Amino acid sequence: MTKTILRALAGETLPTPPIWMMRQAGRYLPEYRATRAQAGDFLSLCYNPELAAEVTLQPIRRYGFDAAILFADILLLPQALGADLWFVTGEGPRLSTITSDAEFDRLGRGEMIHDTLNPIYETVRILSRELPEETTLIGFAGAPWTVATYMIAGRGTPDQGPAHALKAENRALFEKIIDRLTEATIDYLSAQVEAGAEVVKLFDSWAGSLEGEDFTRYALEPARIITQELKARHPGLPVIVFPRQAGQGYVGFHQATGADCVAVDDSVTPEWAAEHVQVDGCVQGNLASSHMVTGGQALVDETRRVVKAFSKGPHIFNLGHGITPDADPENVRLMVDTVREGA
Ligand code: 1CP
(Lines give C-alpha, C1' and ligand atoms only; values in the text may rest on other atoms or scores of the structure.)
Protein backbone atom coordinates (compact mmCIF):
# COMPACT_ATOMS: atom_id res chain seq x y z
CA MET A 1 0.00 0.00 0.00
CA THR A 2 1.75 3.17 -1.15
CA LYS A 3 -0.89 5.89 -0.94
CA THR A 4 -0.11 7.87 2.19
CA ILE A 5 -3.73 8.59 3.09
CA LEU A 6 -4.58 4.88 2.99
CA ARG A 7 -1.55 4.13 5.17
CA ALA A 8 -2.63 6.69 7.78
CA LEU A 9 -6.18 5.33 7.66
CA ALA A 10 -4.79 1.84 8.26
CA GLY A 11 -3.26 3.16 11.49
CA GLU A 12 0.30 3.90 10.40
CA THR A 13 2.19 6.81 11.98
CA LEU A 14 3.99 8.54 9.09
CA PRO A 15 7.01 10.86 9.38
CA THR A 16 5.08 13.55 7.49
CA PRO A 17 1.28 13.55 7.66
CA PRO A 18 -0.57 13.34 4.35
CA ILE A 19 -2.58 16.49 3.64
CA TRP A 20 -5.74 17.63 1.88
CA MET A 21 -8.18 20.41 2.67
CA MET A 22 -11.95 20.63 3.12
CA ARG A 23 -13.51 22.70 0.28
CA GLN A 24 -10.18 22.55 -1.53
CA ALA A 25 -12.06 22.97 -4.81
CA GLY A 26 -13.79 26.26 -4.22
CA ARG A 27 -14.19 29.95 -4.72
CA TYR A 28 -10.79 30.99 -3.29
CA LEU A 29 -9.28 29.56 -6.50
CA PRO A 30 -9.52 31.68 -9.69
CA GLU A 31 -9.53 28.53 -11.85
CA TYR A 32 -12.58 27.25 -9.89
CA ARG A 33 -14.43 30.51 -10.45
CA ALA A 34 -13.70 30.30 -14.17
CA THR A 35 -14.99 26.72 -14.49
CA ARG A 36 -18.07 27.53 -12.40
CA ALA A 37 -18.82 30.46 -14.72
CA GLN A 38 -18.44 28.10 -17.69
CA ALA A 39 -20.94 25.69 -16.09
CA GLY A 40 -23.37 28.57 -15.46
CA ASP A 41 -24.24 27.90 -11.83
CA PHE A 42 -23.23 25.71 -8.91
CA LEU A 43 -25.73 22.86 -9.45
CA SER A 44 -24.96 22.69 -13.18
CA LEU A 45 -21.31 22.32 -12.20
CA CYS A 46 -22.13 19.47 -9.78
CA TYR A 47 -24.11 17.58 -12.44
CA ASN A 48 -21.57 18.08 -15.26
CA PRO A 49 -19.11 15.16 -14.85
CA GLU A 50 -16.37 16.65 -17.05
CA LEU A 51 -16.42 20.03 -15.31
CA ALA A 52 -16.92 18.58 -11.81
CA ALA A 53 -13.88 16.35 -12.41
CA GLU A 54 -11.95 19.38 -13.67
CA VAL A 55 -12.58 21.42 -10.48
CA THR A 56 -11.74 18.38 -8.34
CA LEU A 57 -8.37 18.14 -10.11
CA GLN A 58 -7.51 21.86 -9.91
CA PRO A 59 -6.24 21.88 -6.29
CA ILE A 60 -4.37 18.60 -6.93
CA ARG A 61 -2.49 20.20 -9.82
CA ARG A 62 -1.82 23.39 -7.90
CA TYR A 63 -0.73 21.92 -4.55
CA GLY A 64 -0.24 18.17 -5.01
CA PHE A 65 -2.61 17.31 -2.17
CA ASP A 66 -2.53 13.64 -1.13
CA ALA A 67 -6.30 13.29 -1.58
CA ALA A 68 -8.92 14.59 -3.97
CA ILE A 69 -12.49 14.93 -2.74
CA LEU A 70 -15.27 14.40 -5.23
CA PHE A 71 -16.83 17.72 -6.22
CA ALA A 72 -20.54 17.55 -5.32
CA ASP A 73 -22.69 18.70 -2.41
CA ILE A 74 -24.42 17.10 0.56
CA LEU A 75 -27.75 18.55 -0.62
CA LEU A 76 -27.83 16.56 -3.87
CA LEU A 77 -29.13 13.55 -1.91
CA PRO A 78 -32.36 15.23 -0.72
CA GLN A 79 -32.82 16.46 -4.28
CA ALA A 80 -32.46 12.87 -5.53
CA LEU A 81 -35.09 11.81 -2.99
CA GLY A 82 -37.49 14.32 -4.54
CA ALA A 83 -36.97 17.59 -2.64
CA ASP A 84 -36.68 20.75 -4.71
CA LEU A 85 -33.22 22.35 -4.44
CA TRP A 86 -31.89 25.66 -5.69
CA PHE A 87 -29.14 28.08 -4.68
CA VAL A 88 -29.74 31.79 -4.14
CA THR A 89 -26.63 33.75 -5.14
CA GLY A 90 -24.95 35.31 -2.13
CA GLU A 91 -27.31 33.55 0.29
CA GLY A 92 -27.01 29.79 -0.03
CA PRO A 93 -29.19 26.73 -0.55
CA ARG A 94 -32.98 26.57 -0.54
CA LEU A 95 -35.05 23.38 -0.41
CA SER A 96 -38.73 22.54 -0.28
CA THR A 97 -39.42 21.87 3.41
CA ILE A 98 -40.46 18.61 5.10
CA THR A 99 -42.53 19.30 8.20
CA SER A 100 -45.52 16.97 7.82
CA ASP A 101 -46.16 13.30 7.10
CA ALA A 102 -47.77 14.27 3.78
CA GLU A 103 -44.58 16.04 2.68
CA PHE A 104 -42.47 13.10 3.87
CA ASP A 105 -44.64 10.64 1.92
CA ARG A 106 -43.81 12.47 -1.31
CA LEU A 107 -40.12 11.55 -0.90
CA GLY A 108 -38.81 8.55 -2.79
CA ARG A 109 -36.94 5.60 -1.38
CA GLY A 110 -33.23 4.82 -1.43
CA GLU A 111 -33.08 2.92 -4.71
CA MET A 112 -34.51 5.74 -6.83
CA ILE A 113 -31.69 8.19 -6.01
CA HIS A 114 -29.42 6.81 -8.71
CA ASP A 115 -31.54 8.28 -11.54
CA THR A 116 -30.56 11.75 -10.36
CA LEU A 117 -27.10 10.93 -9.03
CA ASN A 118 -25.69 9.00 -12.00
CA PRO A 119 -23.69 12.05 -13.21
CA ILE A 120 -21.97 12.10 -9.79
CA TYR A 121 -20.89 8.48 -10.22
CA GLU A 122 -19.61 9.39 -13.68
CA THR A 123 -17.48 12.16 -12.10
CA VAL A 124 -16.02 9.52 -9.77
CA ARG A 125 -15.23 7.23 -12.71
CA ILE A 126 -13.46 10.05 -14.59
CA LEU A 127 -11.45 10.94 -11.50
CA SER A 128 -10.36 7.39 -10.82
CA ARG A 129 -8.88 7.33 -14.33
CA GLU A 130 -7.32 10.79 -14.25
CA LEU A 131 -5.91 11.25 -10.76
CA PRO A 132 -2.16 10.79 -10.21
CA GLU A 133 -1.50 7.28 -8.90
CA GLU A 134 -0.38 8.53 -5.46
CA THR A 135 -3.60 10.54 -4.89
CA THR A 136 -6.48 9.01 -2.95
CA LEU A 137 -10.05 9.65 -4.12
CA ILE A 138 -12.50 10.47 -1.32
CA GLY A 139 -16.26 10.20 -1.84
CA PHE A 140 -18.64 11.80 0.64
CA ALA A 141 -22.16 12.45 1.86
CA GLY A 142 -23.76 14.53 4.54
CA ALA A 143 -24.70 12.72 7.74
CA PRO A 144 -28.47 12.20 8.25
CA TRP A 145 -28.83 14.82 11.02
CA THR A 146 -27.03 17.56 9.07
CA VAL A 147 -28.94 16.84 5.85
CA ALA A 148 -32.21 16.67 7.83
CA THR A 149 -31.57 20.17 9.26
CA TYR A 150 -31.60 21.58 5.71
CA MET A 151 -34.58 19.48 4.60
CA ILE A 152 -36.72 20.48 7.57
CA ALA A 153 -35.85 24.20 7.52
CA GLY A 154 -35.57 24.50 3.74
CA ARG A 155 -32.28 26.38 4.17
CA GLY A 156 -29.18 26.72 6.35
CA THR A 157 -29.95 27.96 9.87
CA PRO A 158 -27.57 29.27 12.54
CA ASP A 159 -28.93 27.06 15.34
CA GLN A 160 -30.82 24.31 13.44
CA GLY A 161 -33.93 25.54 15.26
CA PRO A 162 -36.59 24.11 12.91
CA ALA A 163 -35.04 20.61 13.07
CA HIS A 164 -34.85 20.73 16.86
CA ALA A 165 -38.47 21.92 16.94
CA LEU A 166 -39.69 19.04 14.76
CA LYS A 167 -37.71 16.58 16.91
CA ALA A 168 -39.50 17.94 20.00
CA GLU A 169 -42.99 18.15 18.43
CA ASN A 170 -43.18 15.10 16.16
CA ARG A 171 -40.40 12.70 17.02
CA ALA A 172 -41.90 9.90 14.93
CA LEU A 173 -41.73 11.98 11.75
CA PHE A 174 -38.28 13.28 12.66
CA GLU A 175 -37.03 9.71 13.08
CA LYS A 176 -38.60 8.64 9.78
CA ILE A 177 -36.56 11.38 8.08
CA ILE A 178 -33.35 10.25 9.82
CA ASP A 179 -34.00 6.61 8.92
CA ARG A 180 -34.80 7.39 5.27
CA LEU A 181 -31.61 9.45 5.00
CA THR A 182 -29.57 6.71 6.67
CA GLU A 183 -30.79 4.16 4.14
CA ALA A 184 -30.29 6.49 1.16
CA THR A 185 -26.82 7.57 2.33
CA ILE A 186 -25.70 3.94 2.40
CA ASP A 187 -26.93 3.44 -1.19
CA TYR A 188 -25.35 6.72 -2.34
CA LEU A 189 -21.93 6.08 -0.78
CA SER A 190 -21.98 2.47 -1.90
CA ALA A 191 -22.52 3.60 -5.51
CA GLN A 192 -19.62 6.06 -5.17
CA VAL A 193 -17.38 3.20 -4.00
CA GLU A 194 -18.50 1.01 -6.90
CA ALA A 195 -17.59 3.87 -9.25
CA GLY A 196 -14.08 4.16 -7.77
CA ALA A 197 -14.09 6.14 -4.51
CA GLU A 198 -11.37 4.64 -2.28
CA VAL A 199 -12.43 6.25 1.01
CA VAL A 200 -15.73 7.80 2.10
CA LYS A 201 -16.31 10.67 4.48
CA LEU A 202 -19.51 11.50 6.33
CA PHE A 203 -19.94 15.23 7.08
CA ASP A 204 -22.00 15.92 10.21
CA SER A 205 -21.44 19.68 10.21
CA TRP A 206 -24.14 20.36 12.81
CA ALA A 207 -23.46 17.42 15.16
CA GLY A 208 -22.40 19.94 17.82
CA SER A 209 -25.97 21.15 18.30
CA LEU A 210 -27.13 17.68 19.45
CA GLU A 211 -26.82 17.13 23.16
CA GLY A 212 -26.72 14.09 25.43
CA GLU A 213 -29.00 11.27 24.32
CA ASP A 214 -29.84 13.12 21.08
CA PHE A 215 -26.15 13.10 20.10
CA THR A 216 -26.04 9.34 20.61
CA ARG A 217 -29.28 8.67 18.73
CA TYR A 218 -28.98 11.07 15.81
CA ALA A 219 -25.22 11.60 15.28
CA LEU A 220 -23.43 8.54 16.62
CA GLU A 221 -25.99 5.84 15.80
CA PRO A 222 -26.56 6.77 12.11
CA ALA A 223 -22.76 7.06 11.66
CA ARG A 224 -22.39 3.58 13.16
CA ILE A 225 -25.09 2.05 10.95
CA ILE A 226 -23.71 3.67 7.78
CA THR A 227 -20.11 2.69 8.60
CA GLN A 228 -21.00 -0.91 9.45
CA GLU A 229 -23.22 -1.44 6.41
CA LEU A 230 -20.66 0.08 4.02
CA LYS A 231 -17.92 -2.10 5.47
CA ALA A 232 -20.16 -5.16 5.11
CA ARG A 233 -20.77 -4.34 1.44
CA HIS A 234 -17.17 -3.25 0.74
CA PRO A 235 -14.75 -5.12 3.03
CA GLY A 236 -11.74 -2.99 3.96
CA LEU A 237 -13.31 0.31 2.91
CA PRO A 238 -11.87 3.13 5.08
CA VAL A 239 -14.47 5.48 6.55
CA ILE A 240 -13.87 9.01 7.92
CA VAL A 241 -16.53 10.58 10.14
CA PHE A 242 -16.73 14.27 11.02
CA PRO A 243 -19.11 15.03 13.90
CA ARG A 244 -18.16 18.71 13.83
CA GLN A 245 -18.05 20.57 17.14
CA ALA A 246 -18.80 17.39 19.06
CA GLY A 247 -16.41 18.43 21.87
CA GLN A 248 -16.50 15.66 24.48
CA GLY A 249 -18.61 13.68 22.00
CA TYR A 250 -15.45 13.01 19.97
CA VAL A 251 -14.17 10.78 22.77
CA GLY A 252 -14.84 7.14 21.91
CA PHE A 253 -16.37 7.96 18.49
CA HIS A 254 -13.96 5.58 16.67
CA GLN A 255 -14.98 2.55 18.73
CA ALA A 256 -18.65 3.41 18.93
CA THR A 257 -19.00 3.72 15.14
CA GLY A 258 -16.21 1.51 13.80
CA ALA A 259 -14.89 4.40 11.69
CA ASP A 260 -11.21 4.37 10.75
CA CYS A 261 -10.72 8.08 11.24
CA VAL A 262 -12.42 10.83 13.20
CA ALA A 263 -12.02 14.34 11.80
CA VAL A 264 -11.85 17.06 14.46
CA ASP A 265 -12.65 20.75 14.10
CA ASP A 266 -10.64 23.57 15.65
CA SER A 267 -12.91 24.18 18.64
CA VAL A 268 -10.74 21.58 20.38
CA THR A 269 -6.96 21.91 20.64
CA PRO A 270 -4.77 19.42 18.77
CA GLU A 271 -3.09 18.50 22.08
CA TRP A 272 -6.47 17.60 23.61
CA ALA A 273 -7.53 15.67 20.49
CA ALA A 274 -4.23 13.75 20.44
CA GLU A 275 -4.74 12.68 24.03
CA HIS A 276 -8.45 11.88 23.92
CA VAL A 277 -9.28 10.97 20.30
CA GLN A 278 -6.09 9.89 18.51
CA VAL A 279 -5.54 7.27 21.24
CA ASP A 280 -8.31 5.32 19.47
CA GLY A 281 -7.09 5.67 15.87
CA CYS A 282 -6.39 8.01 13.00
CA VAL A 283 -7.46 11.64 13.33
CA GLN A 284 -7.86 14.30 10.67
CA GLY A 285 -7.54 18.03 11.26
CA ASN A 286 -7.49 20.66 12.65
CA LEU A 287 -5.87 23.97 11.67
CA ALA A 288 -8.30 26.92 11.92
CA SER A 289 -9.32 27.88 8.38
CA SER A 290 -8.96 31.59 9.29
CA HIS A 291 -5.18 31.13 8.88
CA MET A 292 -5.82 30.71 5.14
CA VAL A 293 -7.05 34.32 5.19
CA THR A 294 -4.53 35.87 7.58
CA GLY A 295 -1.34 33.91 6.75
CA GLY A 296 2.06 34.99 8.08
CA GLN A 297 4.11 33.58 10.92
CA ALA A 298 0.98 32.63 12.90
CA LEU A 299 0.00 30.26 10.07
CA VAL A 300 3.47 28.66 10.13
CA ASP A 301 3.52 28.37 13.93
CA GLU A 302 0.02 26.89 14.19
CA THR A 303 0.63 24.47 11.30
CA ARG A 304 3.78 23.20 13.08
CA ARG A 305 1.83 22.96 16.32
CA VAL A 306 -0.87 20.75 14.74
CA VAL A 307 1.76 18.52 13.07
CA LYS A 308 3.70 18.16 16.32
CA ALA A 309 0.67 17.52 18.52
CA PHE A 310 -0.45 14.61 16.31
CA SER A 311 3.04 13.29 15.46
CA LYS A 312 2.88 10.25 17.73
CA GLY A 313 -0.02 8.56 15.98
CA PRO A 314 -1.86 8.25 12.65
CA HIS A 315 -2.81 11.70 11.35
CA ILE A 316 -4.15 13.28 8.17
CA PHE A 317 -3.48 17.01 8.15
CA ASN A 318 -6.51 19.17 7.29
CA LEU A 319 -8.28 22.33 8.33
CA GLY A 320 -10.83 22.32 11.16
CA HIS A 321 -13.56 23.27 8.66
CA GLY A 322 -13.77 24.26 5.00
CA ILE A 323 -11.57 26.94 3.47
CA THR A 324 -13.48 30.19 2.91
CA PRO A 325 -13.83 32.15 -0.36
CA ASP A 326 -11.75 35.08 1.00
CA ALA A 327 -8.69 32.84 1.58
CA ASP A 328 -5.42 33.64 -0.22
CA PRO A 329 -4.15 30.74 -2.39
CA GLU A 330 -0.58 31.69 -1.37
CA ASN A 331 -1.42 30.91 2.27
CA VAL A 332 -2.51 27.42 1.24
CA ARG A 333 0.88 27.02 -0.44
CA LEU A 334 2.62 28.13 2.76
CA MET A 335 0.62 25.61 4.81
CA VAL A 336 1.45 22.74 2.44
CA ASP A 337 5.15 23.66 2.38
CA THR A 338 5.25 23.94 6.18
CA VAL A 339 3.66 20.50 6.65
CA ARG A 340 6.04 18.91 4.15
CA GLU A 341 9.28 20.63 5.21
CA GLY A 342 9.43 18.28 8.18
CA ALA A 343 10.01 15.34 5.80
O1 1CP B 1 -20.90 29.22 -4.98
C2 1CP B 1 -20.33 28.11 -5.04
O3 1CP B 1 -19.45 27.84 -5.88
C4 1CP B 1 -20.83 27.12 -4.09
C5 1CP B 1 -20.08 26.96 -2.81
C6 1CP B 1 -20.13 25.48 -2.51
C7 1CP B 1 -19.11 24.54 -2.78
C8 1CP B 1 -17.75 24.80 -3.37
C9 1CP B 1 -21.24 24.78 -1.99
C10 1CP B 1 -22.57 25.31 -1.65
N11 1CP B 1 -20.89 23.42 -1.93
C12 1CP B 1 -19.62 23.25 -2.40
C13 1CP B 1 -18.92 21.98 -2.58
C14 1CP B 1 -18.90 21.05 -1.44
N15 1CP B 1 -19.77 21.02 -0.39
C16 1CP B 1 -17.99 19.99 -1.29
C17 1CP B 1 -17.00 19.61 -2.40
C18 1CP B 1 -15.71 19.11 -2.15
C19 1CP B 1 -14.66 19.98 -1.49
O20 1CP B 1 -14.60 19.98 -0.24
O21 1CP B 1 -13.84 20.58 -2.23
C22 1CP B 1 -18.29 19.36 -0.07
C23 1CP B 1 -17.57 18.19 0.58
C24 1CP B 1 -19.41 20.01 0.47
C25 1CP B 1 -20.09 19.61 1.71
C26 1CP B 1 -21.14 20.48 2.29
N27 1CP B 1 -22.11 21.22 1.67
C28 1CP B 1 -21.36 20.60 3.70
C29 1CP B 1 -20.59 19.82 4.74
C30 1CP B 1 -19.25 20.40 5.02
C31 1CP B 1 -19.22 21.75 5.68
O32 1CP B 1 -18.69 22.67 5.03
O33 1CP B 1 -19.71 21.88 6.81
C34 1CP B 1 -22.45 21.46 3.89
C35 1CP B 1 -23.05 21.89 5.23
C36 1CP B 1 -22.92 21.85 2.62
C37 1CP B 1 -24.10 22.71 2.33
C38 1CP B 1 -23.72 23.88 1.52
N39 1CP B 1 -23.40 23.81 0.20
C40 1CP B 1 -23.03 25.04 -0.26
C41 1CP B 1 -23.12 25.95 0.83
C42 1CP B 1 -22.84 27.42 0.75
C43 1CP B 1 -23.52 25.21 1.95
C44 1CP B 1 -23.70 25.73 3.39
C45 1CP B 1 -25.02 26.38 3.50
C46 1CP B 1 -25.41 26.92 4.84
O47 1CP B 1 -25.32 26.23 5.88
O48 1CP B 1 -25.89 28.04 4.84
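Model, not experiment: these values are computed from the prediction.

1. Some remarks on the site of the ligand
Around the ligand sit 21 residues in total, of which Ala25, Gly92, Gly156, Phe203 and Ser205 are the nearest. Those elements that provide at least two residues to the shell around the ligand are strand S3 (92–95) and strand S4 (136–142). Of the residues in the shell around the ligand, the class split is ten nonpolar, seven polar and four charged.

2. A look at unusual backbone geometry
Following Gly285, the chain continues to Asn286 via a peptide bond in cis, the omega torsion being -15°. With respect to the helices and strands, the residue Asn286 is situated in strand S8 (residues 282–287). Positive phi values are uncommon outside glycine, yet Arg23 reaches one of about 60°. With respect to the helices and strands, the residue Arg23 is situated in the loop between helix H1 (4–9) and helix H2 (30–39). Residue Gln160 is not a glycine yet carries a positive backbone phi of 55°. Looking at where Gln160 falls in the secondary structure, it is placed in the loop between helix H8 (144–153) and helix H9 (161–169). Accessibility expressed as a C-beta count within 10 Å gives 22 for Gln160, which makes it buried.

3. Points about the sheet that holds strand S5 (residues 199–204)
The seven strands lie next to each other as S1-S4-S5-S6-S7-S8-S9, forming an open sheet whose pairing is parallel. Two strands in the sheet have a free side with no partner beyond their single neighbour: strand S1 (67–69) and strand S9 (315–319). Here the strands of the sheet are splayed against their neighbours by 25° on average, with no regard to which way each runs. Along the sheet, helix H10 (residues 171–195) contacts S4 and S5; its crossing angle with S4, the most-contacted strand, is approximately 165°.

4. Notes on the UniProt feature "domain: Uroporphyrinogen decarboxylase (URO-D)" (unreviewed entry) in the protein
Residues given the UniProt feature "domain: Uroporphyrinogen decarboxylase (URO-D)" (unreviewed entry) here are residues 18–27 and 138–154. Secondary structure within residues 18–27 divides into 0% helix and 0% strand; the distance between the first and last C-alpha atoms comes to 23 Å. Between the C-alpha atoms that bound residues 138–154 there is a distance of 27 Å. The span itself is 59% helix and 29% strand.

5. Examining the packing of H10 against helix H11 (residues 213–233)
Closest axis-to-axis distance for the H10/H11 pair is 10 Å, and the angle between their directions is 35°. Handedness of the H10/H11 crossing: right-handed. Across the interface between the two elements, Ile178, Thr182, Thr185, Ile186, Leu189 and Ser190 of H10 pack against Tyr218, Pro222, Ile225, Ile226, Glu229, Leu230 and Arg233 of H11. Of the residues in the contact of H10 with H11, the class split is eight nonpolar, three polar and two charged.

6. Topic: the UniProt feature "binding site: substrate" (unreviewed entry) in the protein
Mapped onto this numbering, the UniProt entry annotates "binding site: substrate" (unreviewed entry) at Arg23, Gln24, Ala25, Gly26, Arg27, Asp73, Tyr150, Ser205 and His321. For the residues just named, distributed over 299 residues, the greatest C-alpha separation reaches 22.6 Å, placing them at more than one site. Summarising the element assignment, Gln24 is placed in the loop between H1 and H2. Residue class for Gln24 comes out buried when judged on the 27 C-beta atoms lying within 10 Å of it. Leave out the neighbours within four places in its chain, and Gln24 touches Pro59, Phe65, Ile69 and Ile323. Given 22 C-beta atoms within a 10 Å radius, His321 is considered buried. In contact with His321, other than residues within four places in its own chain, are Met22, Arg244, Asp265 and Ser289.

7. Side note on the pairing of strand S2 (residues 85–88)
Looking at chain direction, S2 and S3 are connected through four bridges and run antiparallel. Residue pairing across strands places Leu85 opposite Leu95, the latter belonging to S3. Where S2 folds back onto S3 in an antiparallel hairpin, the turn is made up of three residues, including Gly90, whose phi is positive at roughly 80°.

8. Description of helix H4 (residues 49–63)
Given 3.6 residues to a turn, an α-helix orients residues that are three or four positions apart in the same direction. An ideal rise of 1.5 Å per residue puts 21 Å on 15 residues; H4 measures up with 22 Å between its terminal C-alpha atoms. Its axis deflected by about 25° at Leu57, H4 carries its strongest bend there, up to four residues before the proline Pro59. Buried residues along H4 sit in contact with H2, helix H3 (42–46), S1 and helix H7 (113–130). At the C-terminal side of H4, Gly64 shows a positive phi close to 65°.

9. Regarding the pairing of S8
Of all six residues making up S8, six are buried, and the element is well covered by its neighbours. Handedness of the crossover is the feature at issue here: the chain leaves strand S7 (residues 261–263), passes through helix H13 (residues 270–276), returns alongside S8, and the resulting connection is right-handed.

10. Some details on the environment of Pro59
With respect to the helices and strands, the residue Pro59 is situated in helix H4. Given 25 C-beta atoms within a 10 Å radius, Pro59 is considered buried. Sequence separation between Pro59 and Ala256 is 197 residues, and the spatial gap between their C-alpha atoms is 34 Å. Beyond its immediate sequence surroundings of up to four residues, Pro59 is in contact with Gln24, Ala25, Leu29 and Phe65.

Rules and cut-offs
Residues numbered from 1 in each chain as written. Predicted model: local features only at pLDDT ≥ 70, side-chain atom pairs only at ≥ 80, totals over all residues. Near = placed C-beta within 6 Å. Helix = DSSP H or I, 4+ residues; strand = E, 2+ residues; numbered from the N terminus. Nonpolar A, V, L, I, M, F, W, Y, C, P; charged D, E, K, R; others polar. Buried ≥ 20, exposed ≤ 12 C-beta atoms within 10 Å, placed from the backbone. Pairing = 2+ DSSP bridges. Axes fitted to C-alpha atoms, helices over the stretch in contact; angles between N-to-C directions. Contact = placed C-beta atoms within 7 Å. UniProt positions renumbered as here; feature names shortened; annotations may be inferred. Left-handed = near helix turned anticlockwise from the far one by under 90°. Expected span 1.5 Å × (residues − 1). Bend = angle between axes of the 7 residues up to and from the residue. Right-handed = clockwise from strand over helix to strand, strands pointing away.

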